[in-house]
Amino acid sequence: MPYSLSVVVATPAHSGLRAALSYRSESALAPGTLVRVPLGKREVLGVVWEPTEAPMPAGIEERSVIAALDALPPLAVAWRRLVDFAAGYYQRGLGEVALAALPPQLRDLDPVQLARRLKRHKPDGGGAQGAAAPGPALTPQQQAVLAEIAGAHANSGKPYLLFGATGSGKTEVYLQATARALAADPQAQILILVPEINLTPQLLSRFVERFGAGHVVAMHSGLTPPQRLASWLAAHAALARIVLGTRMAVFASMPNLRLIVVDEEHDPSYKQQEGARYSARDLAVLRGRLQAAPVVLGSATPSLESWQASETGRYQRLAMPERVGAGVLPEVRLVDMNLQAKRTLLAPALLDAIAKRVALGEQSLIFLNRRGYAPVLACTACDWKSDCPHCSAFRVFHKVDRTLRCHHCGLGERVPRACPACGNVDIAPVGRGTEQLEEQIAELLGSVNAPGGDGQPRPVRVARIDADTTRTKGSLEAQLAQVHAGNVDVLVGTQMVTKGHDFRRITLVAAVNPDSALYSSDFRAPERLFSLLMQAAGRAGRDAAQAASSQMWVQTWNPHHELFEALRRHDFPAFAAAQLKEREAAGMPPFAFQALVRAEARTQAAAQAWLQAARDGAEGLDPAGQVFIYAPVPMGLQRVANVERAQLLVESASRPALQRFLASWQEVLHGLREPGLIRWAVDVDPLAV
Ligand code: ADP
Ligand code: ZN
Ligand code: ZN
């Protein structure tokens, strides 16, 4: 065994083994080669890495590689650097990140099975290479943007921020930029990231229509393991020209990557919330640099991080303010709830406007970010409320199946007949959810004499789309198809329906109760609300013929809030400027950099004790005093499934200083013990603080 190789394997997260391990091999395997190696009593998948000088951890003997999966080309150096960076930046083990980035089924295949799998995916003899179906003639603003991102300076390393109104034709730009990249280089590969799995089928079909099914693969967690492996192999072997997927796809092996698109770049779904808590958007920017591929970040409401980068010139901003086909953005109407009768769910003027749309044969979308019938059930005689016994949250009343369900731990029970505390039979819902909205709208609107009918009034058709109505596979598609076919008059939904969907017949959108974000302790809540409302508004009047009469209604108790003022004018730059000014004054991101350490334990005291020990252990690790560590506090949602949660915020005006500190703190954190502690994790650039 003359060779000693560095191999990364998925060591347990808290084993403290974060670097590559060394294995003996009879042949010199190139870095990037997949291998099967022994680890403890198991045989696991590993990736050969660059040799390191670091000695093996004490007490671990060097063992031998069992097999090399060398039918597969090695993973490219750019892919390995991406993994190196992600592991370092997000404070996780190299092997953990590398292995999580590979399709799970790869772990179970021996070289023979893999060779068989590869044979199945051999190219079918060329195919319709480069023969993309033509798209529509671009509008002048689309042309200008395309000329930039497909132009000579495109891979200067500066990401593009495509700031385009909803319906301005961003997707068409992505399609034609893809066509250009493919025409320029027949081997080129293009990566398209979307925030949500729900949005993949729609975008996938547009790409398939344009480029043919053989050239496009999907990559997201909704695929079966064999599908995921097939997509991955096609991308790795550069057989798939276009990979379209959710955040995980940022790690797809694409040796000939020439263009990356991050659609709806502001979307929080790009941040992974467990394991390595990476931002796929930020990694996409890095990846573009590693592979000299232009990166296009698209949004109508960019994240304030990206917006600020485009203000300072770190990103290049490209604007498409106008909707395609002379369509205008909907008129925004604010309803002052202070002037409505008490406990009004929908203001009479709004209800009236909806009824008029129905009578015209147009559709309305009513949006409320709370599923279930009512968020709380309460006794009218004593102070019993539908608390979850395991969480610091209420159980939500679902009228459809008469249950009380905790949305955090999943506990579900039939609604009690009488108050469990005092026996009173009068227990009542407090507050509203989408179920109630659906019920009341149907009741209030009653029947309509709609165009295309037989002259007889028919009941108004109200449908609801939220996480509860879309549990089974294909149900979301089926319900959306009903909306697209015009079989629905009023669609009620959570934020699930406000994103990305290209509804053609919706002319009125209403937000029923968006105010809570104005009072949130999370400094990003206004940013999120603004983008949500702009996205929602973007669902109205997508058909240019109806755009002029389209409306976005917002019911609010704070009609003069600057957020709503900016919304009324569709003025994202004004909103962003105001927010950034506040953030700068308060020293918050993007003017500061943060990391959170979260601890979960049997008791709140144990969680906080562990964090306090972590804080004490940081003594001396930041000699220049550039990093500030706050005191441990309970998390907003303090207890979930009987687990107590606490967190500690670390902040610095310097990203490198924060990174240096976190790296040196790792060892301290791994060494801390606290009875009752269940787990802990570091979240770099957290989205919710
Ligand atoms: P966005 O992604 O910015 O919301 P889309 O790309 O979905 O916008 O475009 C909105 C609508 O306009 C779509 O139905 C699309 O097919 C259409 N469209 C886009 N560009 C053009 C164009 N140049 N000519 C005609 N129709 C277009
Ligand atoms: Zn009671
Ligand atoms: Zn619960």
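Just so you know, the residues in each chain are numbered from 1, in the order the chain's sequence is written. Chains carry letters from A onward and ligands carry numbers from 1 onward, assigned in written order. Reporting of local features is limited, given that this is a predicted model, to residues whose pLDDT is at least 70; pairs of side-chain atoms are given and counted only at 80 or more, and all residues count toward the totals for whole chains, interfaces and linings. As a convention, hydrogens and water are excluded, and side-chain values are obtained from all of the structure's heavy atoms.

Draft legend 1. Structural detail: the environment of A347. Every helix listed is a DSSP run of H or I at least four residues long, and every strand listed is a run of E at least two residues long, numbered separately from the N terminus. Note that A347 resides in the loop between β14 (331-336) and α10 (348-359). Classification of A347 by relative accessible area gives buried; the value is 1%. Distance from A347 to D387, taken between C-alpha atoms, is 30 Å for residues 40 residues apart in sequence. Once you skip the residues sitting within four places of it in the chain, A347 turns out to touch V335, Q340 and Q555. A 1.4 Å probe rolled over the protein chains alone gives each residue an accessible area, and that area as a share of the maximum for its type sets the label: buried under 20%, exposed over 50%, partly exposed in between. By the convention used here, residues are in contact when the closest approach between their heavy atoms is within 4.5 Å.

Draft legend 2. Quick look at the coordination of the zinc ion (ligand 3). Donor criterion used throughout: N, O or S atom within 2.8 Å of the metal, extended to 3.2 Å for Na, K and Ca. Water excluded; incomplete-looking sites may result. Looking at the zinc ion (ligand 3), one finds its protein donor set to be C388 (SG), C391 (SG), C406 (SG) and C409 (SG), positioned 2.2 to 2.3 Å from the metal centre. Coordination geometry of the zinc ion (ligand 3): the 4 donor atoms subtend angles of 107 to 112 degrees at the metal centre, consistent with an arrangement described as tetrahedral. Sequence positions of the donors to the zinc ion (ligand 3) reduce to the motif C-x2-C-x14-C-x2-C. The class for C388 is buried, based on a relative accessible area of 3%. According to the relative accessible area criterion, C391 is buried, its value standing at 2%. Square planar and octahedral assignments, for four and six donors respectively, both demand that opposite donors be over 155 degrees apart and that all other angles lie between 65 and 115; tetrahedral needs four donors with all angles between 85 and 135 degrees, and anything else is irregular.

Draft legend 3. Local environment of the coordination of the zinc ion (ligand 2). Donor atoms from the polypeptide that bind the zinc ion (ligand 2) are C379 (SG), C382 (SG), C419 (SG) and C422 (SG), placed at 2.3 to 2.4 Å. Angles of 106 to 114 degrees at the metal separate the 4 donor atoms of the zinc ion (ligand 2), which places the site in the tetrahedral class. A relative accessible area of 7% places C379 in the buried class. Under the relative-accessibility criterion, C382 is labelled partly exposed at 25%.

Draft legend 4. View of the sheet that holds strand β2 (residues 21-25). At least two bridges found by DSSP between two strands are what make those strands a pair. In space, the 6 strands of this open sheet follow the order β5-β2-β1-β4-β3-β6, with mixed pairing throughout. Since the sheet does not close on itself, it has two edges, and those belong to β5 (63-64) and β6 (67-68), each with one partner. Relative to β2, strand β1 (residues 3-9) runs antiparallel, the two sharing 5 bridges. Bridge pairing in β2 links Y3 to S25.

Draft legend 5. Layout of the site of ligand 1. We call a residue near a molecule or strand as soon as one heavy atom of that residue lies within 4 Å of the molecule or strand. Residues in close proximity to ligand 1 total 18 residues, the closest being A137, Q142, G167, K170 and T171. Within 3.5 Å is the distance limit for a polar contact, defined as a pair of N or O atoms, with the added protein rule that one can donate a hydrogen and the other accept it, and that residues adjacent in sequence qualify only through two side-chain atoms. Between ligand 1 and A137 there is a distance of 2.8 Å, counted from a nitrogen atom to a backbone nitrogen or oxygen. At 3.4 Å, a backbone N or O of E172 approaches an oxygen atom of ligand 1. Among the elements that line the shell around ligand 1, the one with the most residues is helix α5 (residues 170-184), at 3 residues. For the shell around ligand 1, a count of residues per class yields 5 nonpolar, 7 polar and 6 charged. When residue character is reported, Ala, Val, Leu, Ile, Met, Phe, Trp, Tyr, Cys and Pro are called nonpolar, Asp, Glu, Lys and Arg charged, and the others, Gly included, polar.

Draft legend 6. Region of the structure containing the nonpolar core. Among the buried residues, those of types Ala, Val, Leu, Ile, Met, Phe, Trp, Tyr and Cys that are joined through side-chain atoms within 4.5 Å form a nonpolar core. Counting 122 residues, the largest nonpolar core has L34, L102, F251 and W665 as the members making the most contacts within it. Per element, the largest residue contribution to this core is 8 residues, and it comes from helix α13 (residues 525-537). Excluding anything up to four places from it in sequence, L34 contacts L45, G46, V47, A68, L69, L72, L75, L102, L106 and W232.

Draft legend 7. Quick look at the packing of helix α4 (residues 140-149) against α5. At a minimum axis separation of 10 Å, α4 and α5 run at an interaxial angle of 40 degrees. Relative to α5, the element α4 lies oblique. Seen along the crossing, α4 lies across α5 with a hand that is right-handed. Between α4 and α5, the contacting residues are Q142, V145, L146 and I149 on the first element and E172, V173, Q176, A177 and R180 on the second. Grouping the amino acids of the contact of α4 with α5 by side-chain chemistry returns 5 nonpolar, 2 polar and 2 charged. The axes are straight lines fitted to the C-alpha atoms, using for helices just the contacting stretch, and the angles between their N-to-C directions are given from 0 to 180°. Orientation labels follow simple angle bins: below 35 degrees gives roughly parallel, above 145 gives roughly antiparallel, 65 to 115 gives roughly perpendicular, and whatever is left gives oblique. A crossing counts as left-handed when the near helix is turned anticlockwise from the far one by less than a right angle, and as right-handed when that turn is clockwise.

Draft legend 8. Seen up close, the pairing of strand β3 (residues 34-39). Among the 6 residues in β3, 6 count as buried, and that is most of the element. Burial of the side chains of β3 extends over both faces: L34, R36 and P38 are buried on one face and V35, V37 and L39 on the other. Bridge analysis of β3 against strand β4 (residues 42-49) gives 6 bridges, and the strand direction is antiparallel. Residue pairing in the sheet places L39 in a bridge with R42 of β4. Linking β3 back to β4 in an antiparallel pair, the connection comprises 2 residues, with G40 at a positive phi of about 60 degrees. Here β3 runs beside β6; their pairing, made up of 2 bridges, is antiparallel. In the strand pairing of β6, R36 is matched with A67.

Draft legend 9. Helix α12 (residues 475-484), seen in detail. Every buried residue of α12 is accounted for by S475, L476, L480 and V483. Axial view of α12: buried residues confined to an arc of 130 degrees, hence all on one face. Those residues of α12 hidden inside the fold are in contact with β15 (363-367), β23 (462-465) and β24 (490-493). Positive phi appears at G486, one or two residues downstream of α12, with a value of about 85 degrees. The directions considered for the arc run from the helix axis to the C-beta atoms.

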